[in-house]
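Report on the structure
The lines below spell out each chain.
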Amino acid sequence: FTTNSLRKSTHSLFAMPVLGDDNQEGGDAPFDVLSMISTVVVMALLLAFGVMMALKYDARGDDSTLSVGCSVKIHGLQSEKGKALNGKSGHITTELDVETGRHSVRLKGGRILAVKPGNLTLIAVQPAAGEGLGSANEGPARPGGAVVLVKICGACERELPKGAFGGGQWPLMQSSSRCEECVAAGNQLVLMKKGRTKTEHDECPICSLFLPLDPNHSIFQSCCSKLVCNGCVFRSRVRGMKDCPFCRTTPPKSNASQARMIQKRADAGDPAGISNLANQYLCGYSGLQKDVPRAVELYERAAELGDRNAHYNLAYIYSGGVGVKKDTDKVIRHWEKAAMLGHTFARHNLGAMEYQHGNHDLALQHLMISSKLGSKNSLDMIKMMFTNGNATKSDFVEALRGYQSAVEETRSPDRDEAI
């Protein structure tokens, strides 16, 4: 049943004849009440069935037309958090995940959600008259107009049809593609604007010097979720302090007390603490049984709270298929999120990936950023690109100076002595 037919059938069903005083229509002939009631019941059941089928069709949506790049609107979410998302629009960034039965949808604000097809409504996007920004054959036909494939420009973040992207920009990843206007204006990708410099999250909370990238040169304190450099740990030990050099908590003496300490930080909503708890489940540390699905759940929670290490670890899980199905789209998405939050290794990986795909200009942009953040591997790649003619001498010199400056910022007498 269509919605209109339902309305018509509803009207005809309940337009009942007016009964006379003697249960006769106008008093002219006997009226069979039992027959009328049975007819009404049957028709009411048919109406209910029709309504149910119409609602089912409407809730399911036409998921055969949903594909990467389509503009969609979210509806029908019932959870407390989900209700706040109903009515928001965005675009599909991945095909339907067979395991979860969901598409990845990027909202206009940049947030990415996993949504079932039944909770997505396809939005018809039409090029303005005379603009020639797309063809009616580039997308599924829908009532009310032709749909064209759309993508959000990685620079201006506008949702534009395929025709607005030229010069080989459309085949690039969404975060790396720019519309013709942004290319002509020289507008920089958002991916390249964020995560370019170190922040307070890269500092030791005690000496306030930037932490070395080598994980062996700092120690994570589970009691307070702080990453403290070896220099400060060394100096506290010299002074006879055996507790946490930052919060003075006594170190745990067993796996059980260690697990309780980590759980306490996670329960407090600390993103780093939640990510640390996920590490324990991923590897089976602190006496906890290895549980990859639980680790993924915790990483996703920490990532939503802005923990860049959680994004990076999720990329690691999906790249190697560690307890989950391999998913390259999710790997790239989490690398990008981590890189924009300042994760140096994630930025390097994006550069290496673009280089493998032959996108040398994008690769060089990523590697220049990670080199200046202190990545020796990125500097070596730029040197290789210079040797192969994919980068200039000035590119290599700039990367070298940036790398040397970043390394120098992490040095101190205490750290040198601790080594």
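The preceding data block contains the structure.
A few points on the structure. As a convention, each chain's residues are numbered from 1 in the sequence order in which they are written. Totals for whole chains, interfaces and linings use every residue, but because this is a predicted model, local features are given only for residues with pLDDT of at least 70 and side-chain atom pairs only at 80 or more, for both listing and counting. Water and hydrogen atoms were dropped before computing side-chain values, which therefore reflect all heavy atoms in the structure.

**Quick look at the nonpolar core**
A general feature of soluble globular proteins is that nonpolar side chains tend to end up buried together. Residues Tyr-299 and Trp-335 are the most contacted members of the largest nonpolar core, which totals 28 residues. Strands here are runs of E lasting at least two residues and helices are runs of H or I lasting at least four, both read from the DSSP assignment and numbered beginning at the N terminus. Per element, the largest residue contribution to this core is seven residues, and it comes from helix H9 (residues 292–304). Whether two residues touch is decided by their heavy atoms; if any such pair falls within 4.5 Å, the residues are in contact. Contact partners of Trp-335, with chain neighbours within four places excluded, come to Tyr-312, Ala-315, Ala-346, Asn-349, Leu-350 and Met-353. Ala-352, Tyr-355, Ala-363 and Ala-391 belong to the second largest nonpolar core, which has 14 residues in total. Buried Ala, Val, Leu, Ile, Met, Phe, Trp, Tyr and Cys residues that are joined via side-chain atoms within 4.5 Å together make up what is termed a nonpolar core. Think of it in three bands: residues with accessible area under 20% of the maximum for their type are buried, residues over 50% are exposed, and the middle band is partly exposed, with areas taken using a 1.4 Å probe on protein chains only.

**A word on the pairing of strand S1 (residues 71–74)**
As paired strands, S1 and strand S2 (residues 89–92) are joined by three bridges and run antiparallel to one another. Bridge assignment links Lys-73 to a residue of S2, and that residue is Ser-89. By the bridge criterion, three bridges tie S1 to strand S5 (residues 120–122) in an arrangement that is antiparallel. Within the sheet, the bridge partner assigned to Lys-73 lies in S5 and is Thr-121. A pair of strands counts as paired when DSSP detects no fewer than two bridges linking them.

**Brief notes about the packing of helix H12 (residues 344–356) against helix H13 (residues 360–372)**
Running from amino to carboxyl end, H12 crosses H13 at an angle of 160°, the nearest separation of the two axes being 8 Å. One way to sum up the angle between H12 and H13 is to call them roughly antiparallel. Judged by the sense of rotation from one axis to the other, the crossing of H12 with H13 is left-handed. Along its contact with H12, which presents Thr-344, Arg-347, His-348, Leu-350, Gly-351, Ala-352, Glu-354 and Tyr-355, the element H13 presents His-360, Leu-362, Ala-363, His-366, Leu-367, Ile-369 and Ser-370. Tallied by class, the residues present in the contact of H12 with H13 amount to seven nonpolar, six polar and two charged. Between N-to-C directions, angles cover 0 to 180 degrees, with each direction set by a line fitted to C-alpha atoms, over the stretch in contact for helices. Reported orientations rely on four angle classes, namely roughly parallel under 35 degrees, roughly antiparallel over 145, roughly perpendicular from 65 to 115, and oblique for the rest. The crossing is said to be left-handed when, going from far helix to near helix, the turn is anticlockwise and less than a right angle, and right-handed when the turn is clockwise. Basically, the charged four are Asp, Glu, Lys and Arg, the nonpolar ten are Ala, Val, Leu, Ile, Met, Phe, Trp, Tyr, Cys and Pro, and anything else, Gly included, counts as polar.

**Observations regarding the sheet that holds S5**
Sheet strands pair by backbone hydrogen bonding; their relative direction is either parallel or antiparallel. On the basis of which strands lie adjacent, the open sheet formed by five strands has the order S4-S3-S2-S1-S5 and antiparallel pairing. The open sheet is flanked by strand S4 (112–115) and S5, the only strands paired with a single partner. Along the sheet, successive strands turn relative to each other by an average axial angle of 40°, direction set aside. Pairing between S2 and strand S3 (residues 103–107): three bridges, direction antiparallel. By the bridge assignment for S3, Ile-92 is matched with Val-105.

**A closer look at the packing of aromatic side chains**
Each aromatic pair joins two rings of Phe, Tyr and Trp (for Trp, the six-membered one) with centres within 6.5 Å, and gets the label stacked for planes under 30 degrees apart, edge-to-face for over 60, and tilted for any other angle. A complete count under the given rule lists two aromatic pairs for this structure. Measuring from ring centre to ring centre gives 5.5 Å for Phe-165 and Trp-170, while their planes differ by 65°; the resulting arrangement is edge-to-face. Judged by its relative accessible area of 7%, Phe-165 falls in the buried class. Under the relative-accessibility criterion, Trp-170 is labelled buried at 18%. Taking 6.1 Å as the distance between ring centres and 5° as the angle between the ring planes, the aromatic pair formed by Phe-386 and Phe-396 counts as stacked.

**Some points on unusual backbone geometry**
In most cases, non-glycine residues show a negative phi, while peptide bonds are predominantly trans. Backbone geometry at Arg-248 places phi at a positive 65°, although glycine is not the residue there. Among the secondary structure elements, Arg-248 is positioned in the loop between helix H6 (230–238) and helix H7 (255–267).

**Some details on H13**
The terminal C-alpha atoms of H13 lie 18 Å apart, and with 13 residues this matches the ideal 18 Å at 1.5 Å per residue to within 8%. Buried within H13 we find Leu-362, Ala-363, Leu-364, His-366, Leu-367, Met-368, Ile-369, Ser-370 and Ser-371. Looking at the buried positions of H13, the neighbouring elements they touch are helix H5 (190–193), H12, helix H14 (376–388) and helix H15 (393–408). Positive backbone phi, at 110°, marks Gly-374, one or two positions downstream of H13. What a helix is expected to span follows from its residue count: subtract one and scale by 1.5 Å.

**Details of the environment of Asn-216**
Following the sequence through the fold, Asn-216 ends up in the loop between H5 and strand S10 (218–221). Judged by relative accessible area, Asn-216 falls into the exposed class, the value being 60%. Sequence separation of Asn-216 and Ile-419 is 203 residues, and the distance between their C-alpha atoms is 10.0 Å.

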